[in-house]
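Close look at the chain arrangement
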Amino acid sequence: MSTISRKNIIIIAALFLAVLFFVTMGDDNGSDVKTKDKRTPALSLQLLKEGNERFVNGEALHPRTDTIRLEQAGSQSQGDHAFATVLGCSDSRVPVERIFDAGIMDIFVIRVAGNVVQGDEAGSIEYGLAHVNTPLLVVLGHTQCGAVTAVTNAIEGHGHALERNIPGLVAPITPAVEKSIKYTGKHGADVIPVAIEQNVWQSIHDLFMVSPSTRELVKSGKVQVVGAIYDVSTGRVEWLKEDKPAEILAEVEADPARAMEAMAGEHTETPAAEGHMDTMKTEHQNDAKEAVHEAEVAAEPAKEEQAEAAAPANIEELKALAEKAAEAAKNAAAAAEAATRAAEEAAKAAGSAQ
Ligand SMILES: [Zn+2]
């Protein structure tokens, strides 16, 4: 009899420990958002606000970063846990999970210099919203943003030469800076904070333009989009006007150039809709196109030589033709290289003209 009750006590104790384990596992700061049903835009926003508050106050809990969470990450779907998608800048002073005191499998993060939205960023955001099921998208700018500063300097005529891939990357920031200068009359260091906020709205605008699925998720209330600015010296996130993204959405909904087909492989729309990305880019790309065209024209003789070579009279003739074709191809390659260089120069010129 006494052995049975000892056995019962052991079973009860084991059950108690098991329950305790499962309760504490999901409760490392009481805020793991586990089920899709529980996840709402408002709750997600609240989690980010609370996390940033802890971070600013030096009370970060570093939640959900332990081995139990790793085990969950390896065995469960992130779509059941991650509660926000955040587009932020690559700047080393803006480590997204840290500033929101969030953990593993909490935030679907896209970081790119200047928190711009072009093709890859739009695709990543669509993934975060439609497949990881996050009910919140935060577009997060930050104080002292180098990308916005570089574009402002270029527009104001005291920029410097940029490496070949940078002008295309920061091109979407240009309208934000131009608008900021136009509407405030401010210049230099004074306009940069305005431009940083405007650039957040610009990214949201650019996203809505190219992503019908995001527009639908927002219209249905499943997803909320918010803008915010992170202060690199205080650690504080300033949340921008919450009704502004709805205004931007209404604006985009009235724009005939917006993309219409939500899913890949449905591209039956007019080039105008597809062309929005192109309009976001600057003239230097047209220069590059011209250069490519010139290279193609230069390559024409090579093609003709090849056509002639198709009907050779004898080996000698064939050899001579092959040599001529090789020479023409070489010339075409040189022309193409010169054209590429010309395009680069044009890009640089466009960059400093901005
Ligand atoms: Zn930045």
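The preceding data block contains the structure.
Residues numbered from 1 in each chain as written. Predicted model: local features only at pLDDT ≥ 70, side-chain atom pairs only at ≥ 80, totals over all residues. Heavy atoms only, no water.

This brings us to the sheet that holds strand 2 (residues 107-111). An order of 2-1-3-4-5 is seen for the five strands of this open sheet, with the pairing classed as mixed. Each edge of the open sheet carries a strand with a single partner, namely strand 2 and strand 5 (237-239). Geometrically, the sheet is characterised by an average inter-axis angle of 25 degrees between neighbouring strands, direction not taken into account. The pairing of strand 4 (residues 224-230) with strand 5 spans three bridges and is classified as antiparallel. (Pairing = 2+ DSSP bridges. Helix = DSSP H or I, 4+ residues; strand = E, 2+ residues; numbered from the N terminus. Axes fitted to C-alpha atoms, helices over the stretch in contact; angles between N-to-C directions.)

To continue, consider the pattern of salt bridges. This model, assessed by the stated rule, comprises eleven salt bridges. Across the pair Arg69 and Asp106 runs a salt bridge, and its minimum N-O distance is 3.0 Å. Of the two residues, Arg69 is situated in helix 3 (residues 67-75) and Asp106 in the loop between helix 4 (96-99) and strand 2; the sequence distance between them amounts to 37 residues. As far as burial versus exposure is concerned, Arg69 and Asp106 are alike and both buried. Salt-bridge contacts for Glu247 lead to Lys241; the nearest nitrogen and oxygen are separated by 4.0 Å. Residue classification places Glu247 among the partly exposed positions, given a relative accessible area of 40%. (Salt bridge = Lys/Arg side-chain N within 4 Å of Asp/Glu carboxyl O. Buried < 20%, exposed > 50% of the residue type's maximum accessible area, 1.4 Å probe, protein only.)

Attention now moves to the coordination of the zinc ion. Around a metal, the ideal angle is 109.5 degrees if four donors adopt a tetrahedral arrangement and 90 or 180 degrees if six donors adopt an octahedral arrangement. Summarising the metal site, the zinc ion is bound by the protein donors Cys89 (SG), His142 (NE2) and Cys145 (SG), whose distances to it range over 2.0 to 2.3 Å. Donor residues binding the zinc ion come from one chain and are separated in sequence as C-x52-H-x2-C. Of this pair, Cys89 sits in the loop between strand 1 (84-88) and helix 4 while Cys145 is found in the loop between strand 3 (136-142) and helix 6 (146-155), placing the two residues 56 residues apart along the sequence. This pair shows no difference in class: Cys89 is buried, exactly as Cys145 is. (Donors = N, O, S within 2.8 Å, 3.2 Å for Na, K, Ca; no water.)

Time to look at the packing of aromatic side chains. Counted by the stated rule, this structure contains two aromatic pairs. Seen in terms of ring centroids, Phe100 and Trp239 are 6.1 Å apart; in terms of plane orientation they differ by 35 degrees. Their pairing is tilted. Residue Phe100 is found in the loop between helix 4 and strand 2, and its partner Trp239 is found in strand 5; the two are separated by 139 residues along the sequence. (Phe/Tyr/Trp six-rings, centres within 6.5 Å; stacked < 30°, edge-to-face > 60°.)

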